[in-house]
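Given next are the chains, with one letter for each unit.
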Amino acid sequence: MSRYPNPFKSILYLIGLFPLGLAAFVSTVVLVAVGVGTVVVWVGVAVLVAAAIAARVFGNGFRMWAQAFAEVSLPPRPVLARRADGVLRQWRDLATDRRTYRDLAFVVLTFPISIACFVLGVASIPLVPLAFFVAPPAAWLHARMAVALLGPDRTAEQTARADRLRASRARGVDAAEAERRRIERDLHDGAQQRLVAVAMGLGRARGKLDADPVTARALIDEAHADAKQAIAELRDLARGIYPAVLGDRGLDAALSALAAKSPVPVSVEVDVDPRPPGAVETTAYFIVGEALTNIAKHADATEVDVRVWRDGGDKVVVEITDNGVGGAVPRAGGGLAGLADRAATIDGVMSVVSPVGGPTVVRADLPCAW
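First things first, this report covers the structure right here in the doc. Computed from a prediction, not measured in an experiment: that's the story for all the values here. (Residues numbered from 1 in each chain as written. Predicted model: local features only at pLDDT ≥ 70, side-chain atom pairs only at ≥ 80, totals over all residues. Heavy atoms only, no water.)

Points about the pattern of salt bridges
Going through the model one piece at a time under the given rule, you end up with eight salt bridges. The closest approach of N and O atoms between Arg56 and Asp103, which form a salt bridge, is 3.6 Å. Here Asp103 lies in helix H4 (residues 98-124) and Arg56 lies in helix H2 (residues 43-69), a separation of 47 residues in the sequence. One exposure class covers both Arg56 and Asp103, and it is buried. Between Arg63 and Asp103 there is a salt bridge, with its nearest N and O atoms 2.9 Å apart. Within this pair, whereas Arg63 is found in helix H2, its partner Asp103 is found in helix H4, the two being separated by 40 residues in sequence. For Arg63, a relative accessible area of 1% puts it in the buried group. Residues participating in the shared-partner salt-bridge network are Arg307, Asp311, Lys315, Glu319, Arg363 and Asp365. (Salt bridge = Lys/Arg side-chain N within 4 Å of Asp/Glu carboxyl O. Helix = DSSP H or I, 4+ residues; strand = E, 2+ residues; numbered from the N terminus. Buried < 20%, exposed > 50% of the residue type's maximum accessible area, 1.4 Å probe, protein only.)

Right, dumping it as structure tokens:
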């Protein structure tokens with residue numbers, strides 16, 4: 001938040017803090033007092049959990065109030081995170097979460113401040129100088145305190161980001177290893193066999209060159225055909241590693257070439273100016289290519305829409321939508337999981353929405369800096 005809210009919103013914000021702060025303070029302090037007093041008979045544990053939940057609920061109330069009138073961005077927190085291993089684990093997580101204590105601290109600190117804010121807000125209604133020159137800075141200052149205490153936990157965010165990066169790098173290494181094995185297999189089963197056949201054919205032709213020149217010529221022609229086939233297979237393999245059209249003409253032309261080869265009609269819309277980094281282009285290209293292959297094999301679709309655009313300048317969004325039968329679920333080792341792993345190598349995120357009956361939407365958010 002870099003500017004003051006307008007006077008009207010500032011006055012509403014200051015006045016509304018008092019009833020919200022009073023309800024939050026009374027509820028949480030009473031619950032904490034009762035919980036501490038009865039903790040020896042175990043009832044207090046449940047009461048303290050209720051106090052933590054109340055702090056979370058009122059914290060979300062303050063967040064919504066600040067977003068509505070003080071023009072700050074404060075997304076709500078889950079009151080009680082879902083866990084499959086029982087309610088006691090949920091309670092333990094809530095009790096050990098530092099964000100719970102930040103919410104509680106905000107509730108306690110805001111109550112006395114809200115009294116002064118309420119007086120200032122009421123006085124600002126008839127007094128124009130207060131409304132224009134005092135109320136907005138006061139609302140701004142309190143909103144800054146809300147951002148500091150109710151905003152995202154930077155330490156937890158950095159820890160979560162580090163965990164995501166470690167996981168994405170591990171998946172990237174696995175994806176690179178799988179790609180290496182694929183290239184090795186393609187070379188062994190394709191071009192290498194062709195080149196072995198060329199060498200054997202030329203060897204046989206050399207042995208028959210003097211005694212049977214007609215047969216030798218036929219063997220040379222056969223070796224020549226195998227050599228051309230090996231060159232074609234090597235070219236296709238190189239395109240699979242990095243398509244030349246992508247490097248030369250960019251993402252729009254490369255995706256249009258993919259769409260032209262698809263057995264399902266594909267419409268392509270690309271708007272990524274300025275041109276993103278090469279790693280982003282390559283990832284987007286292979287995500288679209290693999291998605292189109294999956295659609296042709298499994299979706300029973302009659303049309304596909306591919307849209308790629310920049311979101312805010314620092315992210316490229318790839319979205320593939322088909323009108324097929326739906327029901328696509330990412331599975332370990334499957335094509336969709338492979339797409340997610342490819343996106344994760346540059347700290348991207350991929351999601352799949354595919355209800356039974358369709359449509360299926362595959363979306364990848366790829367950052368342009370990582």
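Remarks on the nonpolar core
Grouped together as the largest cluster of nonpolar side chains are 36 residues, with contacts concentrated most on Leu255, Val306, Val308, Val318, Ile320 and Leu366. Within the residue set of this core, elements represented by two or more residues are helix H10 (251-261), strand S1 (266-271), helix H11 (278-299), strand S2 (304-310), strand S3 (315-322), helix H12 (335-344) and strand S5 (360-367). Per element, the largest residue contribution to this core is 10 residues, and it comes from H11. Contact partners of Ile320, with chain neighbours within four places excluded, come to Ile287, Val288, Ala291, Ile295, Val304, Asp305, Val306, Thr360, Val361 and Val362. Counting residues in hydrophobic clusters, the runner-up holds 26 residues, among them Tyr13, Leu20, Ala66 and Val107. (Core = buried A, V, L, I, M, F, W, Y, C linked by side-chain atoms within 4.5 Å. Contact = heavy atoms within 4.5 Å.)

Thoughts on the sheet that holds S2
Pairing within the open sheet is mixed, and its five strands lie in the order S1-S2-S3-S5-S4. With partners counted over all chains shown, the strands left at the sheet margins are S1 and strand S4 (349-353), one partner each. For this sheet, the mean angle separating the axes of adjacent strands, direction not counted, is 10°. Both S4 and S5 contribute to a ladder of five bridges, which runs antiparallel. (Pairing = 2+ DSSP bridges. Axes fitted to C-alpha atoms, helices over the stretch in contact; angles between N-to-C directions.)

Some thoughts on the packing of aromatic side chains
Taken as a whole and judged by the stated rule, the model has five aromatic pairs. Their ring planes at 75° and their centres at 5.0 Å tell us that Phe62 and Phe106 sit as a pair that is edge-to-face. Of this pair, Phe62 sits in helix H2 while Phe106 sits in helix H4, placing them 44 residues apart in sequence. Across this residue pair, the class does not change: Phe62 and Phe106 are buried. Measuring from ring centre to ring centre gives 4.6 Å for Trp65 and Phe69, while their planes differ by 50°; the resulting arrangement is tilted. Residue Trp65 and its partner Phe69 are both found in helix H2; the two are separated by four residues, about one turn of the helix. Take Trp65: its relative accessible area is 24%, and that puts it in the partly exposed class. Positioned above the aromatic ring of Trp309 is the side chain of Arg307, whose terminal nitrogen or guanidinium carbon lies 4.3 Å from the ring centre. (Phe/Tyr/Trp six-rings, centres within 6.5 Å; stacked < 30°, edge-to-face > 60°. Lys NZ or Arg CZ within 6 Å of the ring centre and 35° of its normal.)

Details of unusual backbone geometry
The omega angle of the peptide bond from Asp273 to Pro274 is -5°, so this bond is cis rather than trans. With respect to the element layout, Pro274 can be found in the loop between S1 and H11. A positive phi angle, close to 55°, is found at Asp300, a residue other than glycine. As for its placement among the helices and strands, Asp300 is situated in the loop between H11 and S2.

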